[in-house]
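Coordinate inspection notes
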Amino acid sequence: MILPEVAPAPSAAAVLEVFASLDSDVDRLNERLARNPALGERWDRHVEKARSAEVPRRQAFVLLGMENTRDFLVTGGGKAAYGRAAQTAREVLSKEKDSAPELAYAAGVIFDAFAAGAARWIAEPIERKTYLTELDRVAAHGLQAARVAHGLARGISGLSGARLAFAGGLLHDVGKVALTALDPGYAEFRKHAEEKALSRRIRQFAEAERYGLTHAELGSLVCAAHPLFAPLARAVRFHHDPHLLRGDDRSAFRLAAILSVASNMARLNKKAENDKDPLIAEWKGPELKGEDAASLGFQAKALVKLSAPPV
Ligand SMILES: [Fe+2]
Ligand SMILES: [Fe+2]
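These figures come from a predicted structure and were not determined experimentally.

Parameters at a glance
- Residues numbered from 1 in each chain as written.
- Chains lettered and ligands numbered in written order.
- Predicted model: local features only at pLDDT ≥ 70, side-chain atom pairs only at ≥ 80, totals over all residues.
- Domains from an automatic or database assignment.
- Contact = placed C-beta atoms within 7 Å.
- Nonpolar A, V, L, I, M, F, W, Y, C, P; charged D, E, K, R; others polar.
- Helix = DSSP H or I, 4+ residues; strand = E, 2+ residues; numbered from the N terminus.
- Buried ≥ 20, exposed ≤ 12 C-beta atoms within 10 Å, placed from the backbone.
- Axes fitted to C-alpha atoms, helices over the stretch in contact; angles between N-to-C directions.
- Parallel < 35°, antiparallel > 145°, perpendicular 65-115°, else oblique.
- Left-handed = near helix turned anticlockwise from the far one by under 90°.

**Points about the domain arrangement of the chain**
Under the domain assignment, the chain is made up of domain 1 (18-74) and domain 2 (82-306). Relative to domain 2, the C-alpha centre of domain 1 lies at a distance of 33 Å. Domain 1 puts four residues into the contact, and the matching count from domain 2 is eight residues. Here the side of domain 1 that touches domain 2 is composed, by residue class, of three nonpolar, no polar and one charged.

**Quick notes on unusual backbone geometry**
The backbone of serine 52 shows a phi angle near 50°, a positive value even though the residue is not glycine. You can see serine 52 is positioned in the loop between α4 (37-51) and α5 (57-64). By C-beta crowding, serine 52 is classed as exposed, having 8 other C-beta atoms within 10 Å. Unlike most non-glycine residues, asparagine 269 shows phi in positive territory, near 50°. By secondary structure assignment, the location of asparagine 269 is in the loop between α17 (250-268) and α18 (279-288). Taking the C-beta count within 10 Å as the criterion, asparagine 269 has 13 such neighbours and is therefore assigned partly exposed.

**A closer look at the packing of helix α8 (residues 101-116) against helix α10 (residues 125-154)**
Where α8 contacts α10, the two axes come as close as 10 Å, and the packing angle between them is 170°. Regarding the angle of α8 to α10, the classification is roughly antiparallel. Residue-level contacts link Phe111, Phe114 and Ala115 of α8 to Leu132, Leu135 and Ala139 of α10. Along the lines of polarity and charge, the residues of the contact of α8 with α10 split into six nonpolar, no polar and no charged.

**Quick look at the packing of helix α7 (residues 84-94) against α8**
Following both chains from N to C, one finds α7 and α8 inclined at 150°, their axes separated by 7 Å at the closest point. Relative to α8, α7 is oriented roughly antiparallel. In this structure, the crossing between α7 and α8 has a hand that is right-handed. For the pair α7 and α8, contact is made by Arg84, Ala85, Ala86, Thr88, Ala89, Arg90, Val92, Leu93 and Ser94 and by Pro101, Ala104, Tyr105, Ala107, Gly108, Val109, Phe111 and Asp112, respectively. Residues belonging to the contact of α7 with α8 are distributed by class as follows: 11 nonpolar, three polar and three charged.

Structure below.
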């Protein structure tokens, strides 16, 4: 019930794709809009109202600003309340070097779609509040992980999917949001499992027993439903078991390893002193114990540099 609602409408997916691609321009946007007459008409009416005059489309994109144009077209004319997570993700990534902020925006749209669905999916106000709190928690953890994932991916030459690393960090736990949407009791279940300090393996087992699949599996289905993020589906699926991809192609393993380390770093939220700090072993966790820089593609000192001071 939820997956089709958080997958973008084809028109929104097409707009996000134009903005996220390296050769996005007014002409490509115009061409995409021409393929969707209903949305095109809504856009023309919106422009006419804003400018009190008819303005040719190409010119209107520039006059109203590309970002306003994107927001309008992605929400299908302001029908969906998207924007908060998407804007935040975009702002965070635009502060980093070699960034692709429109891809971060598109990943944030997924969280916004989950937020927009709250009223439809969850009737009980207290349960809805629990769900939205869990969503904010996962998004905040995702943003922290995203910054690290982006930093690590930048340092690995030839890593396919590197442009998507920030989005992967942001989305790696989105399956937890989906599980909470299906059962608001998931928030309590997760908290309980964390407080009991159960091992990751036991927690994953308990999750799969109770819900039929883990948050990593469900998160990978969310990515697969989104054309821009389908290439992340495997890395998200294995973000707690990257070693299972060791025999796979190198980039798939490295991307999953990046998400695993980034998630652990974001969760522990501590600053390492140097590359001999025992924290580094904790960040690698049992998932990547024994993996060295040659297989991971990044050095311990890259982790030290990216480790955040406690907030
Ligand atoms: Fe996770
Ligand atoms: Fe995580």
